[in-house]
Amino acid sequence: MQINPLSHGLWERTAPPAPRTDPLMGEHRADVAIVGAGFTGLSAALHLAQSGVSVAVLEAAEIGFGGSGRNVGLVNAGLWIMPNEVPAILGEKYGERLLKALGEGPAVVFDLIRTHGIDCEAEHAGTLHCAADRKGLLELQQRAEQWQARGAPVRLLGREETADRVGSDAYFGSLLDERAGTIQPLAYVRGLAVSAFQAGAEIFTGSPVVSTEREGGGWRLRTTDGSITADWIIVATNAYTSAPWPQVRTELVHLPYFNFATPPLCESALERILPGREGIWDTKEILSSLRRDRQGRLVFGSVGALRGTGAAVHGAWAKRSLRKLFPFLDEVTFESAWYGKIGMTSDAVPRFHCFDRNVIGFSGYNGRGIAPGTVFGRYLARLITGELGEQDLPLPVTDARGQGFRTLREAYYEAGAQIAHFVGARL
Ligand SMILES: Cc1cc2nc3c(=O)[nH]c(=O)nc-3n(C[C@H](O)[C@H](O)[C@H](O)COP(=O)(O)OP(=O)(O)OC[C@H]3O[C@@H](n4cnc5c(N)ncnc54)[C@H](O)[C@@H]3O)c2cc1C
């Protein structure tokens, strides 16, 4: 089954179809049951199946239904907090290990895409983090120094070069990260599913896991229509978690993020706007992002939910912002709009949890999930096959802890973004 374009916008309209899958019916058995068919679950499934482990993926809705099918498609390296903050939070050993693992993340993604021939509009052309003002430029200078001290191929670009690459003189400069790039995210996650299938994994959609219980030395997972026994469970439900691991949800504050896509632009506009096909985002507190798709559409996004008055407010703001960035565009119209929820942890660092015996999962990617989900899925597979031990992972095991005032903060972010964009559309 395909996903509704109203929830997944442009990506559903242009992705290759999902592989055929059915709900889990009756009783099944696998070595590993993976809950959630996003980047994390399917990367784990692919790597486990390639190692000869029998795997069944159980997905409540459809492949890529969660963040994996709705995001901007920026394949970033590292986290969005400053590199030096990571060892300050996690300690030197885990901090530097996580930075290294996630710094190499885009290469893992683009290698998988090449190796498995995944058709997902992959552009390994770098990303530009653009300075919206002098303060933003200072932040980018520090970011550049901290990455360069770790040997990363990042470099600060001046105002002119940024303007040439973006096609707008709105920015004070930018940080080019040559490790990064863009993909069509729903096409990538479907491609991971096809590769996992071909390697021998089973994938069941429309199969929400509603409960789990110990059975023998392993587990039984029950869905609405069937059940499966497994030695291991990988919890890959992240910000879209439903039962039976509510702690994954309560640990995350949801930040809504939307995207609008224009129709394909004319040749003369495409010669000026992102001719090098980098993906960009800016240093503003309520940030915005921009990229092109393969057909020359602009995909423009920011914080906010497209529901209630949000759809009109954010739409008006997005049109005005694009016209300001690119005054040479005659008219700005949108042919697709969609949004999703980003799962934010209290310190912007992802988590590794061991929920019970042989029940493990990574979550909390803070809007950076393409490369991390792929890499963490591979770590989970290697942990289960015994190729790695828990001590080799880039994150320590921690208990999930709920964040205070979560519902209030979620409402505040949604309303705050709407107010800011309402005001911004009128300036
Ligand atoms: C709008 C938006 C923009 C973003 N932009 C970027 C970006 O540009 N770059 C980037 O790197 N990251 C970005 N992200 C973050 C990234 O998309 C996520 O971090 C990533 O997709 C998480 O992948 P995942 O596999 O861990 O979880 P998900 O893709 O969310 O998958 C979890 C799956 O679990 C399923 N599930 C939940 N509960 C159950 C259950 N009980 N039983 C069975 N299945 C269940 C859900 O249906 C869902 O399909 C963005 C996110 C959003 C929402």
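Refer to the structure printed above.
Residues numbered from 1 in each chain as written. Predicted model: local features only at pLDDT ≥ 70, side-chain atom pairs only at ≥ 80, totals over all residues. Heavy atoms only, no water.

Undergrad: Can you help me understand the packing of aromatic side chains in this one?
TA: Remark: the centre distance and the inter-plane angle together describe each pair of aromatic rings, the angle taken between the planes. Here the structure, examined in full by the defined rule, presents 12 aromatic pairs. Each ring, one from tyrosine 412 and one from tyrosine 413, has its centre 6.0 Å from the other, and the planes form 55 degrees; the classification is tilted. By the ring-pair criterion, three or more aromatic residues cluster together here, those being Phe258, Phe260, Phe300, Trp317 and Phe334. Sitting over the ring of phenylalanine 65, arginine 70 keeps its end group 4.8 Å from the ring centre. The aromatic ring of tryptophan 147 is capped on one face by arginine 179, whose charged end is 4.1 Å from the ring centroid. (Phe/Tyr/Trp six-rings, centres within 6.5 Å; stacked < 30°, edge-to-face > 60°. Lys NZ or Arg CZ within 6 Å of the ring centre and 35° of its normal.)

Undergrad: Help me understand unusual backbone geometry, please; the structure alone is not making it clear to me.
TA: Trans is the common state for peptide bonds, and a negative phi is the common state for residues other than glycine. Located in the positive-phi region is asparagine 238, a residue other than glycine, with phi close to 45 degrees. Tracing the backbone through its elements, the reader meets asparagine 238 in the loop between β13 (232-235) and α9 (246-250). In this structure, phenylalanine 405 is a non-glycine residue whose phi angle is positive, near 50 degrees. Summarising the element assignment, phenylalanine 405 is placed in the loop between α12 (370-385) and α13 (406-424). (Helix = DSSP H or I, 4+ residues; strand = E, 2+ residues; numbered from the N terminus.)

Undergrad: Explain helix α6 (residues 134-148) to me, please; I cannot follow it from the model alone.
TA: At 3.6 residues per turn, the α-helix brings residues three or four places apart onto the same side. For α6, built from 15 residues, the straight-helix expectation of 21 Å at 1.5 Å per residue is met to within 8% by its first-to-last C-alpha distance of 21 Å. By the burial criterion, the buried members of α6 are Gly136, Leu137, Leu140, Arg143, Ala144, Gln146 and Trp147. At its buried positions, α6 is contacted by α4 (92-103), β5 (127-130), β6 (154-157) and β7 (174-177). (Expected span 1.5 Å × (residues − 1). Buried < 20%, exposed > 50% of the residue type's maximum accessible area, 1.4 Å probe, protein only. Contact = heavy atoms within 4.5 Å.)

Undergrad: Would you mind showing me how to read the environment of serine 363 here?
TA: With respect to the element layout, serine 363 can be found in strand β20 (residues 359-363). Separated by 14 residues in sequence, serine 363 and valine 349 have C-alpha atoms that sit 9.4 Å apart. If near-sequence neighbours (up to four positions away) are discounted, serine 363 is found in contact with Asn238, Val248, Glu251, Pro350, Arg351 and His353.

Undergrad: I would appreciate a short explanation of the pattern of salt bridges in the present structure.
TA: As a working rule, side chains carrying opposite charge can pair if their charged atoms are close by. Counted under the stated rule, the structure contains 25 salt bridges. Between glutamate 139 and arginine 143 there is a salt bridge, and its shortest N-O distance comes to 3.4 Å. Taken together, the positions of glutamate 139 and arginine 143, both in helix α6 and four residues apart, correspond to about one turn of that helix. For arginine 143, a relative accessible area of 8% corresponds to the buried category. For arginine 307, the salt bridge is made with glutamate 414, and the minimal N-O distance between the two is 2.5 Å. Here arginine 307 is found in the loop between β17 (298-303) and α11 (310-325), whereas its partner glutamate 414 is found in helix α13, with 107 residues between them in sequence. We classify arginine 307 as partly exposed; its relative accessible area is 46%. Since its relative accessible area comes to 18%, glutamate 414 is described here as buried. Counted as one network, the salt bridges with shared partners bring together Glu27, Glu215 and Arg220. (Salt bridge = Lys/Arg side-chain N within 4 Å of Asp/Glu carboxyl O.)

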